[in-house]
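Now for the letters of each chain:
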Amino acid sequence: MGQGGDGADGHQKAPEKKLGEVFALVTGVCALQGVVPTAQRAAIVVGVELPVYDITKKHLIVSGLMGDTIFAHFV
């Protein structure tokens, strides 16, 4: 009937592609291209924000501007 790679009805089979490959073809970018840099940036931001928050809260409480209450956590 047909050659190798033909379907049962004589039509050519479309090549199978992974979802990421299809997404890259349609959008022109790799699906996970920005995941690693975004995760690294988030880790750096959290690594800087937590100590600054903790030191600031400690100074507000020690200086007497705020008590050690739940409101100190929202400043």
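What comes next concerns the included structure. In this text the structure is predicted, and so the values were computed from the model without any measurement.

A word on the overall build of the chain. A count of helices and strands for the chain gives two helices and zero strands. Residues counted as buried form 5% of the 75 residues belonging to the chain. When the accessible surface of the chain is split by element, carbon and sulfur atoms take 66% of a total near 6,600 Å².

The next thing to look at is the side chain of Lys57. Mapped onto the elements, Lys57 comes out in helix H2 (residues 35-63). We note that Lys57 is buried and unpaired, the nearest opposite charge coming from Asp54 at a distance of 4.7 Å. For Lys57, the residues in contact, after removing those within four places along its chain, are Ala72 and His73.

Let's shift gears to a nonpolar patch on the surface. Side chains of Ile44, Val48 and Val52 sit close together on the surface and give an oily, nonpolar patch of about 280 Å² of accessible area. If you trace the backbone, Val48 turns up in helix H2.

Now for the environment of Asp68. Within the element layout of this structure, Asp68 appears in the segment after H2. On the accessibility criterion, Asp68 (61% relative accessible area) is exposed. The spatial distance from the C-alpha of Asp68 to the C-alpha of Lys58 is 9.0 Å, given a sequence separation of 10 residues.

Calculation criteria
- Residues numbered from 1 in each chain as written.
- Predicted model: local features only at pLDDT ≥ 70, side-chain atom pairs only at ≥ 80, totals over all residues.
- Heavy atoms only, no water.
- Helix = DSSP H or I, 4+ residues; strand = E, 2+ residues; numbered from the N terminus.
- Buried < 20%, exposed > 50% of the residue type's maximum accessible area, 1.4 Å probe, protein only.
- Areas by Shrake-Rupley, 256 points an atom, 1.4 Å probe, with all protein chains shown as cover.
- Lys, Arg positive; Asp, Glu negative; His and termini not counted.
- Salt bridge = Lys/Arg side-chain N within 4 Å of Asp/Glu carboxyl O.
- Contact = heavy atoms within 4.5 Å.
- Patch = residues over 30% accessible without salt bridge, like charges linked within 9 Å, V, L, I, M, F, W, Y side chains within 5 Å.

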